[in-house]
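Below, each chain spelled out in residue letters.
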Amino acid sequence: MNTANLPSFDGLLQKTLQCSRYAQRILETDQPLLSWLKSDYVTPCDRAEIQALLQQSGLNLENDAELAQAVRKVRKQVMIKLILRDLNGLADLSEVMLAMTALAELCVQHAQTCLMQTMRQQFGNPIGESSGAIQELLVVGMGKLGGEELNVSSDIDLIFVYPEDGQTDGAQSLSNHEFFTRLGRRLINLINELTADGYVFRVDMRLRPYGDSGALVSSFAALEEYLVSQGREWERYAWIKARVIAPAAHPQIAVLMKLVQPFVFRKYLDFGAIDSMRKLHAQIRQEVLRRDRLNNIKLGPGGIREIEFTAQVFQLIRGGQDARLRLLPTRRILPVLAANGLLNTQVAADLDVAYLFLRNLEHRLQYLDDQQTQELPEKDEDRRIIAVAMGYADYSALLVELDRHRKLVSLQFEQIFGTQDEGPIDAQLWRDEITQDELGSRLEKLGYHTATDSAQRLMQLRDSSRYRQLPELSKQRLDKLIPQFIALSAQHDDPDATLSRLLTLLESISRRAAYLAFLAEYPQALQRLTALVAASSWASNYLTLHPALLDELLDAREMYQAPQWQQVDSNLQARIEESAEDPERQLDILHHVQQEQTFQLLAMDLQGLLPLEKLSDHLSDLANLLLRQVLRLSWATSRKRHCDEPKFAIIAYGKLGGRELGYASDLDLIFLYDDDHPDAQENYARLAQRINTMLSSYTSSGRLYETDLRLRPNGASGLLVSSIAAFAEYQLKDAWVWEHQALTRARFSAGDAKVGAEFEEIRRQVLCQKRDLATLRREILEMRKKMHDGHPNHSELFDIKHDSGGMVDIEFIVQYLVLAHAHRYPQLTANSGNLALLRLAGELDLIEPELAEQTRTLYRTLRKTQHRMRLNNLTPCRIPAGEIDIKSGLQLWSTLFGETA
């Protein structure tokens, strides 16, 4: 640091003494400390310096009395230096918090080392009864110590745990529990006891299992049993910031944190955390009011605790699914919440500024007398000092800025935790004594068309064992939701169908308290949910199968934004890497991303924000993205690999190959490689099998895609994977015409781009072969007849896809044009989609341009109609004959093939 621009030490000291009576008392009686401060104040106070100070203080790890004196001396040095640097703008909040955290950690670590040596000499080593290994006490720092944001006069919250029960191996033996209990008591006394040299930190052990009435130490097994059977919601909040601070490193630390993680971070989205933290905050607020502590900047309205709760509620809700949210310091989690769209960017920045202001004010309140206080002063002199310490002209100016920050914090807190207003709802619709007839009459007045049936459905739910057996809180939430759903359904064209779909969803999620909590906490999401299920029964079924997607209804701005696939891919890659040791979790992540993105596209689709062609492009991009990740994961976890990067490609046919993928389309895939290694065939066959299993297997989180691998050379009887050379030979010499038809819609999807380029060259070569047109027509007509026979239609309705003049006819027309003319016009091999190829065929005068355009319009109309019908589960897709004019399709077919399909 350039010291030339610094104010004189005397000037810095003057402000320090003016703003801290504690500093006055210490420096008046400790001239050596003042001399040290003058020589050392310029450099930041950090862990390395604190460690050096401990060494210089005559640290003796074999004598706990000398150690106690040394750590108290060093605390004074650290405190005085931080006070001077902070009050004079030489240190920021981060330096103060990290230095105090480091002081606490080093003191605990040295105390533990010293006491362990003493107790081992007396009782021997504590030995685990199962492992036979020497046991160590793990000291868990909670709260601000765990979060590395300790304040200057804070107590430290600790929990003592050890891996295994057992006995010590000394001549005088103790149980491990007794050994570590004695160690814990001595460690607390060494740090907490007030001596002539002061104290180091006040120690608070009340966060341990069962609090003050519980044992001082717990084995891992006892801790786990407590958390599973007795752990309360507020303890989840407390354990968010848990961090082992002593010893500095130990293999059992990871074991402990893995044990605690499922208690803190649930696998599902835990919206019940909102109500739990609301109740915890209400208890704190009641205590604040009871003690008349509204001027407490930590616990009072708009205080530090409300910022911490705002950040931590999102960690509790989503931390089980997103490891990026499992951060400890409050100021580090706020920007992550903003980046993830969970907090508005400006709100997160404002909360960070407020947190900085409040923590700095907290420290200046504590600098006065080294007291653990967050109360605004009542004495005029203290108020004047605090205003000067904070850099304000007077206390009134300080209060103006403080009030601004507290109002902002309170506003954001209330938006998250405030009681939600669901608007004017007729709760009488769901009262206990209502009869089915009365309910039906009320529904009819609301506009229900089949009110009697809807009333019967509601009463069946009320009388069901599922409803009666619900926990009381879940039942209360459901009772609150049903009148809202009745009213919201009445706003749509078919209220009966809408309500029926909502009730099916409710019944499905009723035993998952977190989902009921979500709907109860976010009534603004109910309107979006109702609109979605009213528009599409398929969407309703999809939500019922994947209720975690309810979370997507929260932010309309995000929900209706087209996906940025590069960003989705990089985020997915990061999440998968974070779960590298948990393959099941990695597969769950893949499923969740697929469902999340599909749902987002579905929401945009139902809002009319995506043309069908663009929707298919996005669904195809999503499939390609997931295929890349599945291939990478499958190869990375293969037991036998002969190279780092597989010379292997996934080729897509059918709907994915033609970029016409729908929501429920299966994937037609083949697997190719170009690798001369002797193990290549065997290794890539295993890889293909792993890929197919990962794609098509059902798990608790669903399935990625149904797959069809029968388009590979020789179909189901052929090898699962083919070399590029074998594929080329088969396509050029042995493939049937229908396989060349399929090749017109094939493209490279994932894997080695070089292998993909080789495939594309083979594809072009095959499609550009000159063919006998009469033979080609005959074989295509034979295949078309087989498809007709496989999808008979004996109804009076027109089958959009399979009947003559329908979608399959038009697709066969395009395939014929490619195979018949690509030898003269290689641009026909571009696989640019049926619509583009029809236009190109017209431009090349292979068909009449006007007829080409009419057929394009027909194909687009047929696809849109099919898509709309499938969104409401209307399959097979059949409509009244004549509803769509199919003359252009029939005419073009007749022109090319001379007969009706």
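Definitions and limits used
- Residues numbered from 1 in each chain as written.
- Predicted model: local features only at pLDDT ≥ 70, side-chain atom pairs only at ≥ 80, totals over all residues.
- Heavy atoms only, no water.
- Core = buried A, V, L, I, M, F, W, Y, C linked by side-chain atoms within 4.5 Å.
- Buried < 20%, exposed > 50% of the residue type's maximum accessible area, 1.4 Å probe, protein only.
- Contact = heavy atoms within 4.5 Å.
- pLDDT = per-residue confidence, 0-100.
- Helix = DSSP H or I, 4+ residues; strand = E, 2+ residues; numbered from the N terminus.
- 1 Å grid on protein atoms, 1.4 Å probe; cavity = no way out; pocket = protein on both sides within 12 Å on 5 of 7 lines; lining within 4 Å.
- Points joined across faces, edges and corners; volume = space filled by probe spheres on them.
- Nonpolar A, V, L, I, M, F, W, Y, C, P; charged D, E, K, R; others polar.
- Phe/Tyr/Trp six-rings, centres within 6.5 Å; stacked < 30°, edge-to-face > 60°.
- Lys NZ or Arg CZ within 6 Å of the ring centre and 35° of its normal.
- Salt bridge = Lys/Arg side-chain N within 4 Å of Asp/Glu carboxyl O.
- Polar contact = N/O pair within 3.5 Å; in protein donor to acceptor, adjacent residues only side chain to side chain.

### Re the nonpolar core
Ranked by internal contacts, the top residues of the largest apolar core, which has 111 residues, are I50, F160 and L361. Apart from the residues lying within four places of it in its own chain, the contact partners of F160 are L137, L138, V139, G184, L187, I188, M205, L216, V217 and S218. One finds M459, L461, L572 and A603 within the second-largest nonpolar core, a separate group that totals 94 residues.

### Brief notes about the confidence of the model for the chain
Residues at a pLDDT of 70 or more form 95% of the chain, whose mean pLDDT is 91. Mean pLDDT values over the elements of the chain span from 67, in helix 26 (residues 556-559), up to 98, in strand 2 (residues 138-141).

### Description of empty space enclosed by the protein
Summed over the entire model, instances satisfying the criterion amount to 1 cavity of 30 Å³ or more. Every residue along the wall of the largest cavity is listed here: G658, T744, R745, V814, Q815, V818, N831, G833, N834 and L837. If you list the elements that add at least two residues to the lining of the largest cavity, you get helix 36 (807-821) and helix 37 (834-843). It is helix 36 that provides the largest number of residues to the lining of the largest cavity, a total of 3 residues. For the lining of the largest cavity, a count of residues per class yields 3 nonpolar, 6 polar and 1 charged.

### Quick look at unusual backbone geometry
As a rule of thumb, non-glycine residues mostly have phi less than zero, and peptide bonds are mostly trans rather than cis. In this structure, P247 follows A246 across a cis peptide bond, with omega equal to -5°. Omega for the peptide link from T875 to P876 comes to -5°, which places this bond in the cis form. Residue position: P876 is located in the loop between helix 38 (849-870) and strand 14 (878-880). One non-glycine residue, E148, lies in positive phi territory at about 60°. Mapped onto the secondary structure, E148 falls in the loop between helix 7 (143-146) and strand 3 (156-162). Judged by its relative accessible area of 29%, E148 is partly exposed. Although it is not a glycine, N831 adopts a positive phi angle of roughly 50°. Looking at where N831 falls in the secondary structure, it is placed in the loop between helix 36 and helix 37. The buried category is assigned to N831, whose relative accessible area is 7%.

### Regarding the packing of aromatic side chains
Scanning all chains against the criterion turns up 15 aromatic pairs. Geometrically, the ring pair formed by F727 and F759 is tilted, given 5.8 Å between the ring centres and 45° between the ring planes. Of this pair, F727 sits in helix 32 (residues 724-733) while F759 sits in helix 34 (residues 753-767), placing them 32 residues apart in sequence. Here the two residues F727 and F759 agree in accessibility, since each one is buried. An aromatic cluster of at least three residues, connected via ring pairs, comprises W635, F648, F671, Y673 and Y684. One Lys or Arg, R75, reaches over the ring of Y199 and ends 4.9 Å from the middle of that ring. Cation over ring: K475 sits above Y467, and NZ or CZ is 5.3 Å from the ring centre.

### Let's talk about the pattern of salt bridges
One pass over the full model with this rule turns up 45 salt bridges. In this structure, the salt-bridge partner of D40 is K81, at a minimum N-O distance of 2.7 Å. Of this pair, D40 sits in helix 3 (residues 31-40) while K81 sits in helix 5 (residues 64-87), and the two are 41 residues apart along the sequence. Given the relative accessible area of 17%, D40 is considered buried. For R703, the salt bridge goes to E706, with nearest N and O atoms at 3.8 Å. Look at R703 and you get partly exposed, because its relative accessible area is 25%. Look at the salt bridges and you will find they share partners, linking R21, R25, D369 and D382 into a network.

### Section: the environment of W736
In this structure, W736 sits in the loop between helix 32 and helix 33 (737-743). Sequence separation of W736 and E779 is 43 residues, and the distance between their C-alpha atoms is 9.1 Å.

### Here we look at the side chain of Q374
In this structure, Q374 sits in the loop between helix 15 (345-367) and helix 16 (380-390). When its relative accessible area of 8% is taken as the criterion, Q374 is described as buried. A distance of 3.0 Å separates polar atoms of two side chains, one belonging to Q374 and the other to E362. Those residues in contact with Q374 that lie beyond four places of it in its chain are N151, N295, N296, I297, K298, E362, L365 and Q366.

### Some remarks on the environment of R457
Relative to the elements of secondary structure, R457 occurs in helix 19 (residues 451-463). R457 has contacts with S500, L503, T504 and E507, leaving out every residue within four places of it along the chain.

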